[in-house]
Protein chains: 2
Amino acid sequence: MSIIVLGTVALDTVKTPFGRHENILGGSASHFSMSARLFTHVDIVAVVGKDFPKKHIDFLRDKGINLDSLAVVDGDTFRWEGKYEGDLNTAHTLHTHLGVLATFRPKISPEQKRIKHVFLANVDPDIQRHLVDSMCSPQLIGMDSMNFWINTKRKSLLRTLRKVHIFVANDQEARSLTGENNLIKAARHLSSFGPKMVLIKKGEHGSLFLCDKFIFILPAYPMEKVVDPTGAGDTFAGGFMGYLSRVRKVNEQAIRKAITYGTIAASFNVEGFGLERTSRLTLRDIEKRLGFFKKHILL
Amino acid sequence: MSIIVLGTVALDTVKTPFGRHENILGGSASHFSMSARLFTHVDIVAVVGKDFPKKHIDFLRDKGINLDSLAVVDGDTFRWEGKYEGDLNTAHTLHTHLGVLATFRPKISPEQKRIKHVFLANVDPDIQRHLVDSMCSPQLIGMDSMNFWINTKRKSLLRTLRKVHIFVANDQEARSLTGENNLIKAARHLSSFGPKMVLIKKGEHGSLFLCDKFIFILPAYPMEKVVDPTGAGDTFAGGFMGYLSRVRKVNEQAIRKAITYGTIAASFNVEGFGLERTSRLTLRDIEKRLGFFKKHILL
């Protein structure tokens, strides 16, 4: 079992009420793989510049992640700077430097083209589609995006959506892509664009899954101390897709379990800056919190 | 088994994308009793003016609600006018006319003073405390409030809070009363003001219960069509307190069940204007939707 994830490997500068960290390892593919690796083998498809610290590459490799398709090219690594205030629910982007991401075209090996599970984390929808089209016979394709692409490349995003099975979006994205305020209606509307399954992330309010057969709603794990939420959505997607890749089934039971694993993985992510907490995460940590969640918090 | 509810019986004018209704029966006590009556006997303590239509009094009496302490006095009935837009999550108050509510001091009978379960729906905290002090030996006192009292009568509200067992608040109120953005922290903070149990209503995101022994989180029942959310919080509280009054126990199992009943009752409330849907509600309707909720939507 394997999953291939296309996304960003980035250098983040993050400020929250708990401190400020400069140029720490971040990016959608990094966060995704920190939780997905607990369930399945992970191949990252991404690009960094020549300025990217070797220690980060060593770190990811030490975590068992395949970096054959992590291109290192002339130029600067993608950098994001943001801050969180108040309830830490919304990231305020202070600065974005695309660097080598601007001209990125993913190239993967013949073996990687045969991987059955694919996740298109947040990058340009043209690039996402390019990867999908290069896969041999993918069985399950998940996709994330963000408001930036909804606003600037809507047509391309819709074209990519037609090619995927699961669309993972946050509530704001679901609303702005469909014009529907009601999240159930928004999820149904998104599904009409192509993906049979829609998974809406509601941050501290948990998530909502919809397909033509059932709806599943799970609250988030209650956290009293949120240190840095950066990457929580990708960590969630990593747990979710990672579990589905492990069991190689997509029935109701597997979906529910996958969402529960994603939810718990995300709860660890917010406890530290960047990959601080999830880099040390084990399946045992997850199972322990999951047991408590099911027994003492949910119905 | 009985519960006595102090609150408003009002004439509401409500505008939503689904229409506008003028001077329909509303108020916190009316909405509360529509769901509480399914589980227990309900006594309303409220005031209306001489302008209050007799048909509304007949209607409430027909529903089996005791109106011995519904005072009818010289002056105008409390009126509220509001509208909802977009996601219908927030009520925009257009007009409030206090009328006879401005000088209201509740008076109840000696039998009513011996009722064990009490709910203080949203009115002036002075009036809420006045009722609590007139009860003989209440076993369970629940209390709601609103931002208006948090902003204008904070001290009185805190004095009343010390006398109650369960505080029911929405997320905004919980945050503004404590200054805590994190809802778990806010709930803990509220509990430090006196009430052993805190129940935070999160609208479309469900609810969160906290006491020193456990936390319980339940999503809302997913509704695709919300016609008018006015009174949903009171309907929720009515199902919750009504069930606790019926079983006369306040252990973990009873609390979880009570919150689930409240959640389902509220889902019916939003399907129609005012009491349109909840006036026809039966326990069978609730059980049916509850079965579906537990089986197909929750973990």
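All values reported here derive from a predicted model rather than from experimental measurement. (Residues numbered from 1 in each chain as written. Chains lettered and ligands numbered in written order. Predicted model: local features only at pLDDT ≥ 70, side-chain atom pairs only at ≥ 80, totals over all residues. Heavy atoms only, no water.)

Time to look at the interface of chain A and chain B. Contact residues are listed per partner, giving 31 residues for chain A and 31 residues for chain B. Approximately 2,700 Å² of surface area, both sides summed, lies buried where chain A meets chain B, with 53% of it carried by carbon and sulfur atoms. Between A:Glu204 and B:Arg175 there is a salt bridge whose closest N-O contact spans 3.0 Å. Taken together, the connections running from chain A to chain B amount to 18 residue pairs in polar contact (both at pLDDT 80 or more). A class-by-class count of the residues in the side of chain A that touches chain B yields 14 nonpolar, six polar and 11 charged. (Contact = heavy atoms within 4.5 Å. Buried area = accessible area lost by both parts, 1.4 Å probe. Salt bridge = Lys/Arg side-chain N within 4 Å of Asp/Glu carboxyl O. Polar contact = N/O pair within 3.5 Å; in protein donor to acceptor, adjacent residues only side chain to side chain. Nonpolar A, V, L, I, M, F, W, Y, C, P; charged D, E, K, R; others polar.)

Right, let's get into the sheet that holds strand β9 (residues 140-143) of chain A. Residue and element names in this part refer to chain A. If you walk across this open sheet you meet the nine strands as β5-β4-β1-β8-β9-β10-β11-β12-β13, and the pairing is mixed. Looking at the sheet topology across the chains shown, the edges are occupied by β5 (66-73) and β13 (215-218). The average angle at which neighbouring strand axes cross in this sheet is 15 degrees, direction not considered. Pairing between β9 and strand β10 (residues 166-170): two bridges, direction parallel. What sits directly across from Gly142, in β10, is Ile166. Against the sheet, helix α1 (residues 28-36) engages β1 (2-6), β4 (41-49) and β8 (117-120), with an angle of about 160 degrees to β4. Running over the sheet, helix α9 (residues 232-247) touches β1, β8, β9, β10, β11 (197-201) and β12 (207-210) and is turned about 170 degrees from β8. (Pairing = 2+ DSSP bridges. Helix = DSSP H or I, 4+ residues; strand = E, 2+ residues; numbered from the N terminus. Axes fitted to C-alpha atoms, helices over the stretch in contact; angles between N-to-C directions.)

So, about the relation of the copies chain A and chain B. To go from the first copy of the chain to the second, apply a rotation about an axis and then a shift along the same axis. For the match of chain A to chain B, the screw axis carries a shift of 0.0 Å, the RMSD comes to 0.0 Å, and the turn is 180 degrees. On the angle and the small slide along the axis, the relation comes out as a two-fold axis. A shared interface surface links the copies, since 100% of the contact residues of chain A are contact residues in chain B too. (Least-squares fit on C-alpha atoms with pLDDT ≥ 70 in both.)

Turning our attention to empty space enclosed by the protein. Inspection of every chain in the model, using the stated rule, returns one cavity of 30 Å³ or more. One number sums up the size of the largest cavity: a volume of about 60 Å³. Of the residues assigned to the lining of the largest cavity, the class counts are 10 nonpolar, no polar and no charged. (1 Å grid on protein atoms, 1.4 Å probe; cavity = no way out; pocket = protein on both sides within 12 Å on 5 of 7 lines; lining within 4 Å. Points joined across faces, edges and corners; volume = space filled by probe spheres on them.)

With 100% of its residues at a pLDDT of 70 or more, chain A shows a mean pLDDT of 96. Across the assembled chains, the prediction reports ipTM 0.88 with pTM 0.93. (pLDDT = per-residue confidence, 0-100.)

The subject of this paragraph is the packing of helix α10 (residues 252-269) of chain A against helix α11 (residues 283-297) of chain A. Residue and element names in this part refer to chain A. Two elements in contact, α10 and α11, have axes separated by 10 Å at closest approach and are oriented at 110 degrees. Taken together, α10 and α11 sit at an angle that is classed as roughly perpendicular. When α10 is examined against α11, the residues Thr260, Tyr261, Thr263, Ile264, Ala265, Ser267 and Phe268 are found in contact with a partner set consisting of Asp285, Ile286, Glu287, Arg289, Leu290 and Phe293. The residue inventory of the contact of α10 with α11, partitioned by class, reads seven nonpolar, three polar and three charged. (Parallel < 35°, antiparallel > 145°, perpendicular 65-115°, else oblique.)

Looking now at the sheet that holds strand β6 (residues 79-83) of chain A. Residues and elements named next belong to chain A. Within the open sheet, the four strands sit side by side as β3-β2-β6-β7. Their pairing is mixed. Among the strands making up the open sheet, the edge pair consists of β3 (19-26) and β7 (92-97). On average, each strand axis in the sheet is inclined to that of its neighbour by 15 degrees, with strand direction left out of account. Here strand β2 (residues 10-16) runs beside β6; their pairing, made up of five bridges, is parallel. Bridge pairing in β6 places Val14 opposite Gly82.

All names here are of chain A. Inspection of the entire model under this criterion finds 14 aromatic pairs over all chains. A centroid spacing of 6.1 Å and a plane angle of 90 degrees characterise the contact between Phe39 and Tyr243, whose relative ring orientation is edge-to-face. One end of the pair, Phe39, is in the loop between α1 and β4; the other, Tyr243, is in helix α9, with 204 residues separating them in the sequence. For the pair formed by Phe39 and Tyr243, the shared burial category is buried. Between Phe209 and Phe214, the ring centres sit 5.4 Å apart and the planes meet at 25 degrees, which makes this aromatic pair stacked. According to the relative accessible area criterion, Phe209 is buried, its value standing at 0%. A connected cluster of aromatic rings, assembled from ring pairs, spans Phe39, Tyr243 and Tyr261. (Phe/Tyr/Trp six-rings, centres within 6.5 Å; stacked < 30°, edge-to-face > 60°. Buried < 20%, exposed > 50% of the residue type's maximum accessible area, 1.4 Å probe, protein only.)

Our next topic: the pairing of strand β6 (residues 79-83) of chain B. Residues and elements named next belong to chain B. Only one face of β6 is buried: it carries Trp80 and Gly82, and the other face, with Arg79, Glu81 and Lys83, is open. Pairing geometry for β6 and strand β7 (residues 92-97), over five bridges, is antiparallel. When the sheet's bridge partners are listed, Glu81 is paired in β7 with His95.

This next bit is on the packing of helix α7 (residues 171-178) of chain B against helix α8 (residues 183-192) of chain B. All names here are of chain B. The contact between α7 and α8 brings their axes to 9 Å, and the two run at 65 degrees. Considering the relative orientation of α7 and α8, their crossing is left-handed. Here Asp171, Ala174, Arg175, Leu177 and Thr178 of α7 come into contact with α8, specifically with Leu183, Ala186, His189 and Leu190. (Left-handed = near helix turned anticlockwise from the far one by under 90°.)

Residue and element names in this part refer to chain B. Along the polypeptide, Gln112 turns up in helix α3 (residues 110-113). A polar side-chain atom of Gln112 sits 2.4 Å from a polar atom in the side chain of Ser69. Sequence-distant contacts of Gln112, that is, excluding residues within four places in its chain, are made with Ile4, Asp43, Asn66, Asp68, Ser69 and Met135.

Burial analysis of helix α1 (residues 28-36) of chain B places nine of its nine residues in the buried class, which makes it a mostly covered element. Listing the buried residues of α1(B) in full gives B:Ser28, B:Ala29, B:Ser30, B:His31, B:Phe32, B:Ser33, B:Met34, B:Ser35 and B:Ala36.

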